[in-house]
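# Architecture at a glance
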Amino acid sequence: MVDRFGRLPMAVKLLVLVLVVALVYALPLLRPPVITTQEIDFGGVMFGCAAYALIALGLNIVIGYAGLLDLGYIGFYATGAYTVGVLTSFHWHWPFFFALPVAIAVTMLTGVLLGAPTLRVRGDYLAIVTLGFGEIIRICVKNIEWLGASSGIKDIAHPNSIGGGPKPPFEKGGLFSIPRLEWDGFVPSVDRDHTTAFLSFGAVDAVPYYWLLLTALILVLFADRLIKSSRVGRAWEATREDEDAAELMGVPTFRYKLLAFAMGAAIGGMSGAFYASGQSGYVSPDSFLLLYSMLFVAAVIVGGAGNRWGAILGGVLVYYLPERFREFADYRILVFGLALTTLAIWRPQGLLPPRRARRVLRAEEEIRELEGEGAVNV
């Protein structure tokens, strides 16, 4: 299907992409009856899906493009979140959009400081070092009073509303209000009692946060596409396939690995910053457990390491499926684990494997066909 879409005329592909993007933006308002969550706010679930998709896109640079196994990615996520918390609430009172680029820069610097001494090692050793880094960050924020310690940071500033912020009890603010759809089975009706204020960020409605984060995701996606098709992307691919051969051909592999680490860290910090300024405006050390690093890696592997669309799909599924099946309580995690295991066994290349993996699969099929024909002729 992916190959068939790639053969379409450019105008048709652009039209399809525009329609898909418009549908994705409208999902929290359309609230389709099959996919809408009943046990938890659907707008909040969509915000979480966008956050995980952005995280997976950043981690895909590290794992899928450069071939580095990072098991401590939650540390970068926490760094971005706490930077925004410190700048907007705990020690200073900056506006969110002033704190956001600082959080990205601080997280990128953290990635450089971690990568400079550790990227000399490879494979399992690198995984162990990054695993320790993620846990060190959590322990530090839990014990340093300047960062709120175990209590965390509350009242983190929301993004600036346009058209006026929400004012209790009934003023929603924003430029205008958008009604939602309610479904009686598969029959839709317009719900004008529960509307979403456009570009009004408060504690009641998660949909504006989802729109903002989705816009950031699209911008990062464009940047990812440009850098993947550039000289840097080719250097990452050469390093991933055979680092020693790339060194012999004159590729400064350490420099490009450090660049991948820094860029992945920056995107993770960006997602953490949006998470910190979300509906609750609160972060604590318990929000950044090491388990989440495993889920981030699972998102990239499930979607297809090296494929940006696969990483996004993996991030969405990893967050959405446990929330969608909350009625199964604790068993939903068991079922989710079994699904991951089954996928790893039967489709190890992921749901949307990268182009190189698809080429390898086609070549293997052609070889099997030729071998079969040869056996028949003999």
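The structure reproduced in this document is the subject of the present report. (Residues numbered from 1 in each chain as written. Predicted model: local features only at pLDDT ≥ 70, side-chain atom pairs only at ≥ 80, totals over all residues. Heavy atoms only, no water.)

How two aromatic rings sit relative to each other is set out by the distance from centre to centre and by the angle between their planes. This structure, assessed with the given rule, holds 19 aromatic pairs. Three or more aromatic residues joined by ring pairs form one cluster here, namely Tyr52, Tyr73, Phe76, Tyr77, Tyr82, Phe133, Phe261, Tyr275, Phe288, Phe296 and Tyr319. A cation over a ring is seen here: Lys228 above Tyr65, with NZ or CZ 5.2 Å from the ring centre. It is Arg324 that lies over the ring of Phe325; its NZ or CZ is 5.6 Å from the centre. (Phe/Tyr/Trp six-rings, centres within 6.5 Å; stacked < 30°, edge-to-face > 60°. Lys NZ or Arg CZ within 6 Å of the ring centre and 35° of its normal.)

Looking now at the nonpolar core. One finds Leu59, Trp236, Met270, Val283, Phe288 and Phe296 to be the most contacted residues of the largest nonpolar core, which totals 87 residues. If one sorts the elements of this core by residue count, helix H3 (residues 42–65) sits on top with 18 residues. In contact with Leu59, not counting residues within four places along its chain, are Gly64, Asp70, Tyr73, Phe296, Val297 and Val300. (Core = buried A, V, L, I, M, F, W, Y, C linked by side-chain atoms within 4.5 Å. Buried < 20%, exposed > 50% of the residue type's maximum accessible area, 1.4 Å probe, protein only. Helix = DSSP H or I, 4+ residues; strand = E, 2+ residues; numbered from the N terminus. Contact = heavy atoms within 4.5 Å.)

With respect to the helices, strands and loops of the structure, Arg138 is situated in helix H6 (residues 123–143). Note: C-alpha distance between Arg138 and Ser287 (149 residues apart in sequence) is 9.1 Å. With residues up to four places along the chain from it excluded, the contact list for Arg138 reads Pro285, Phe288 and Leu289. Only 2.6 Å separates the side chain of Arg138 from the side chain of Glu135, close enough to count as a polar contact. (Polar contact = N/O pair within 3.5 Å; in protein donor to acceptor, adjacent residues only side chain to side chain.)

The next subject is the pairing of strand E2 (residues 187–197). In the sheet, strand E1 (residues 177–184) pairs with E2 via seven bridges, with the strands oriented antiparallel. Within the sheet, the bridge partner assigned to Glu182 lies in E2 and is Ser189. Where E1 folds back on E2, the antiparallel hairpin that results is connected by two residues, among which Gly185 adopts a positive phi of roughly 70°. (Pairing = 2+ DSSP bridges.)

A word on the packing of H3 against helix H8 (residues 231–241). Here H3 crosses H8 at 50°, and the two axes come no closer than 9 Å. Classified by the angle between their axes, H3 and H8 sit oblique to one another. Seen from H3, the contacting residues are Ile61, Gly64 and Tyr65; seen from H8, they are Trp236, Glu237 and Arg240. (Axes fitted to C-alpha atoms, helices over the stretch in contact; angles between N-to-C directions. Parallel < 35°, antiparallel > 145°, perpendicular 65-115°, else oblique.)

Across its 17 residues, helix H12 (residues 308–324) extends 24 Å between first and last C-alpha, which sits within 8% of the 24 Å expected from 1.5 Å per residue. Here H12 starts with a cap whose side-chain oxygen sits 2.9 Å from the backbone nitrogen of Trp309, and that cap is Asn307. (Expected span 1.5 Å × (residues − 1).)

This next bit is on unusual backbone geometry. Look at Ala149: it is not a glycine, yet its phi comes out positive at around 50°. Structurally, Ala149 is set in the loop between H6 and E1. Positive phi is not limited to glycine here, since Asp155 has a value of about 55°. Summarising the element assignment, Asp155 is placed in the loop between H6 and E1.

Note on placement: Ser284 falls in the loop between helix H10 (253–276) and helix H11 (290–303). By relative accessible area, which is 7% here, Ser284 ends up buried. Once residues lying within four places of it in the same chain are set aside, the contact partners of Ser284 are Tyr82 and Gly152.

Let's shift gears to the pattern of salt bridges. Evaluated as defined, the whole model comprises six salt bridges. Across the salt bridge formed by Arg180 and Asp205, the nearest N and O atoms sit 3.1 Å from each other. In this pair, Arg180 is assigned in strand E1 and Asp205 in the loop between E2 and helix H7 (207–228), connecting sequence segments 25 residues apart. For the residue pair Arg180 and Asp205, the accessibility class agrees, reading buried in each case. In this structure, Asp224 engages Arg308 in a salt bridge whose closest nitrogen and oxygen atoms are separated by 2.6 Å. (Salt bridge = Lys/Arg side-chain N within 4 Å of Asp/Glu carboxyl O.)

Before going further, it helps to examine a nonpolar patch on the surface. On the surface, a nonpolar cluster with roughly 560 Å² of combined accessible area is contributed by Trp92, Trp94, Phe98, Ile144 and Trp146. Mapped onto the secondary structure, Trp146 falls in the loop between H6 and E1. (Patch = residues over 30% accessible without salt bridge, like charges linked within 9 Å, V, L, I, M, F, W, Y side chains within 5 Å. Areas by Shrake-Rupley, 256 points an atom, 1.4 Å probe, with all protein chains shown as cover.)

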